[in-house]
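Here's the letter readout for the chains.
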Amino acid sequence: MTHLRPVVTLLPLDDRPVNTGHVAGLAGAAGTLLRLPPAGLLPARGVPADMDGTSRWLEDAAADSDAVVVSVNQLAHGGFVASRRTTEPLARTLARLDVLRRIRAGRPDLPVHAFVTLMRTKKTDGAGAEPDYWERHGRRFFALSEELYRAEHGQPEAVAPARAEIPEPFVADFFTRRLRLHAMHLACVELVVEGVVDTLSILVEDSTVESVSTSEREWLESWIGRLGLGDRIGCYPGADEAGAVLTVRAALQHAGLRPKVALACLDPDALGRIAAYEDVPVRDTIADQVAAIGAVLVEDADRADLVLAVHPPGLPPRDWCSGPDQPERPSGDAVRLAGRVRDLLEAGRPVAVADVADANGADPALVMALREAGLLPRLAGYAAWNTAGNTIGSALAQGCSRLLAAGDRQLAEHARTLAHRLLDDWGYQTSARRGFLAAGTALRPDQVERELGELLADLGPPADKLRIAPGSVSFPWDRPFEISFELEHLEEGNDRR
């Protein structure tokens, strides 16, 4: 088949903008057409999707695509949240993977990239996306998870007391859910063995060093090693960035590119720190995300197609979603990193910034240092949101999409996605959301639109040519954690009036 530009079909993790619209923007910058399911197949707020309809859509779309990227959570369970809540028998969920076998049989040479998440153990009470018993027992489950990991590594003393804190039926239900998902992970590994799936990313969501998530990752890695599949299967921190990473990977592969990526970090020892919500050092997360996008790490920035400038986990740690009052830090590290970015750009090296200093938002000092130095419009990529894995993968995806951007339209789309990431990660997550949470007021879209409009103006280029599309601000899952908004070029807005 022949397309004017490559077509990538994506079955996303769920309907949230970061998994749909943001990926479409990156694909557009890379000169790729992204094919997403109709809205009716992606219900909001974690409601399970029509999995039979999804399967039919995926098979039909794959027949006329240049690559396919598939969330197994969506395919087998009807969504990210649904995969945590599922009580379906394992045989039924495994049967839904057969559509991938049919796709492979019909298109033997079609690149298929799959990703699946490893179930989290949330630290706090409150059901939300978890089963109802998490409302009262979330912290106790987290403690039990820690003690089980310690027991598996030679320290069994505290398991029984931790387990006794939770009604046994809830414990049995929780670990039955994890058992089903672990079996699904092994089934996905088998798809790689069969040649049905070309690459598989197993994303470890919201973990800690001592947890059952870490145990499950270690078990999976042992099988990956036994099978000699380390070059095709990765098991590493992340979740929401995977659709973007694998879509850009498909675009790079179609273009015959395997970018060389160098790191720039002013404190290399800090890359040995373990970021919040993760269980491995940041340097390991970087290496795995680079491999996931189909790039290769190199030592010398002069040989690199892209430099990833990393602002490493800061001390003391901050989490912009845990409360409005966060510790102040000296801004010197941020200013020095901005200086290093300037030097790299002046030497002709494309630079993407991965700010993992804080969880759930940007380090304001780094954004201001980059702005004051006039570097924001010159960046190939930027990210600073949620977890380190989310940020690193997103920064790489944006930076690699810039390597593929050719022509004014693609460059304009890249500038829009860059400004969107800056406004979301710094403007909303670090600034506006914190202010609203501190005031204890409801998040009103019109208020947030005004505040974000002011922050957008503060960014300067490339944001000075953009505005928030009127009425586009919303909270897609009716919670302050994430936001949806559209950016439009000023001339677009003028055309519509």
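These numbers were taken from a predicted model, which means no experiment stands behind them. (Residues numbered from 1 in each chain as written. Predicted model: local features only at pLDDT ≥ 70, side-chain atom pairs only at ≥ 80, totals over all residues. Heavy atoms only, no water.)

Side note on the overall build of the protein chain
Secondary structure summary: the protein chain contains 18 helices and 13 strands in total. For 497 residues, the compact-globule formula gives about 23 Å, and the C-alpha radius of gyration of the protein chain, at 22 Å, lands near that figure. For the protein chain, the spread of C-alpha atoms along the three principal axes comes to 60 × 55 × 50 Å. Split into buried and exposed, the 497 residues of the protein chain put 58% on the buried side. For the protein chain, contacts bridging at least 24 residues in sequence account for 76% of all contacts bridging at least 6. (Helix = DSSP H or I, 4+ residues; strand = E, 2+ residues; numbered from the N terminus. Rg over C-alpha atoms; globule rule 2.2 N^0.38 Å. Buried < 20%, exposed > 50% of the residue type's maximum accessible area, 1.4 Å probe, protein only. Contact = heavy atoms within 4.5 Å.)

A few points about the sheet that holds strand 11 (residues 381-383)
What the 5 strands build is an open sheet, ordered 8-7-9-10-11; its pairing is parallel. Looking at which strands have only one partner, the edges of the open sheet turn out to be strand 8 (296-297) and strand 11. Packed onto the sheet, helix 13 (residues 332-346) meets strand 7 (260-264), strand 9 (306-311) and strand 10 (351-355) and runs at close to 175 degrees relative to strand 9. (Pairing = 2+ DSSP bridges. Axes fitted to C-alpha atoms, helices over the stretch in contact; angles between N-to-C directions.)

What to know about unusual backbone geometry
Along the chain, L315 connects to P316 via a cis peptide bond; the corresponding omega equals -5 degrees. Position of P316 among the secondary structure elements: in the loop between strand 9 and helix 13. Positive phi values are uncommon outside glycine, yet D206 reaches one of about 45 degrees. Relative to the helices and strands, D206 is located in the loop between strand 5 (199-204) and helix 10 (212-226).

Quick word on the sheet that holds strand 4 (residues 112-118)
Spatial strand order, 2-1-3-4-5-6: 6 strands in an open sheet with parallel pairing. Here the strands that pair on one side only, and so sit at the sheet edges, are strand 2 (33-35) and strand 6 (233-237). Neighbour-to-neighbour, the strand axes of this sheet turn through a mean angle of 20 degrees, independent of strand direction. Judged from the 4 bridges that link them, strand 1 (residues 7-11) and strand 3 (residues 67-71) form a sheet pairing that is parallel. If you follow L10 over to strand 3, its bridge partner there is V69.

Some words on the packing of aromatic side chains
Using the criterion set out here, one finds 7 aromatic pairs in the structure. Judged by centre distance (4.9 Å) and plane angle (20 degrees), the ring pair of Y133 and F170 falls under stacked. Here the residue Y133 occupies a position in the loop between strand 4 and helix 7 (134-152), and F170 occupies one in helix 9 (residues 168-194), the gap between them amounting to 37 residues. Residue class for Y133 comes out buried when judged on its relative accessible area of 10%. Judged by centre distance (4.8 Å) and plane angle (50 degrees), the ring pair of F141 and F174 falls under tilted. In this pair, F141 sits in helix 7 while F174 sits in helix 9, placing the two residues 33 residues apart along the sequence. Across the pair, exposure class does not vary: F141 and F174 are buried alike. Cluster of aromatic residues (ring-pair linked, three or more members): Y133, W134, F141, F170, F174 and F175. Here R16 stacks its cationic end above the ring of W477, 5.1 Å away from the centre of that ring. (Phe/Tyr/Trp six-rings, centres within 6.5 Å; stacked < 30°, edge-to-face > 60°. Lys NZ or Arg CZ within 6 Å of the ring centre and 35° of its normal.)

Examining the environment of S55
As for its placement among the helices and strands, S55 is situated in helix 2 (residues 51-62). Taking the C-alpha atoms as reference points, S55 and L11, separated by 44 residues in sequence, lie 9.6 Å from one another. With residues up to four places along the chain from it excluded, the contact list for S55 reads V99 and R102.

Quick notes on the packing of helix 11 (residues 242-255) against helix 12 (residues 282-292)
Interaxial distance between helix 11 and helix 12 falls to 9 Å at its minimum, and their mutual angle equals 45 degrees. The orientation of helix 11 with respect to helix 12, classified from their angle, is oblique. Residue-level contacts link V245, L246 and R249 of helix 11 to Q289, A291 and A292 of helix 12. Among the residues forming the contact of helix 11 with helix 12, the class breakdown is 4 nonpolar, 1 polar and 1 charged. (Parallel < 35°, antiparallel > 145°, perpendicular 65-115°, else oblique. Nonpolar A, V, L, I, M, F, W, Y, C, P; charged D, E, K, R; others polar.)

A short note on the side chain of Q289
Along the chain, Q289 turns up in helix 12. Polar contacts involving the side chain of Q289 include one to the side chain of E241, which spans 3.0 Å. With residues up to four places along the chain from it excluded, the contact list for Q289 reads Y236, P237, E241, V245, G389, I392, G393 and L396. (Polar contact = N/O pair within 3.5 Å; in protein donor to acceptor, adjacent residues only side chain to side chain.)

A closer look at the side chain of S83
Relative to the elements of secondary structure, S83 occurs in helix 4 (residues 80-85). Within the local environment of S83, its side chain forms a polar contact with the side chain of N73, the two groups lying 2.9 Å apart. A distance of 2.6 Å separates the side chain of S83 from the backbone oxygen of F80, its partner in a polar contact.

A look at the nonpolar core
Formed by 50 residues in total, the largest nonpolar core has its most connected members in I286, I293, L308, I392 and L396. The greatest single-element share of this core, amounting to 8 residues, is contributed by helix 11. By size, the runner-up hydrophobic cluster in this structure holds 46 residues, among which are A304, V351, F436 and L487. (Core = buried A, V, L, I, M, F, W, Y, C linked by side-chain atoms within 4.5 Å.)

Points about the environment of F175
Mapped onto the secondary structure, F175 falls in helix 9. For F175, a relative accessible area of 24% gives the class partly exposed. As a C-alpha pair, F175 and V212 span 37 residues in sequence and 9.8 Å in three-dimensional space.

Concerning the packing of helix 7 against helix 9
With their axes 11 Å apart at the nearest point, helix 7 and helix 9 run at an angle of 65 degrees to one another. It follows that helix 7 is roughly perpendicular to helix 9 by the angle criterion. In this structure, the crossing between helix 7 and helix 9 has a hand that is right-handed. Residue-level inspection shows W134, H137, F141, L144 and L148 of helix 7 in contact with helix 9, the latter providing F170, V171, F174 and F175. Grouping the amino acids of the contact of helix 7 with helix 9 by side-chain chemistry returns 8 nonpolar, 1 polar and no charged. (Left-handed = near helix turned anticlockwise from the far one by under 90°.)

Any functional reading would require information beyond the geometric quantities listed.
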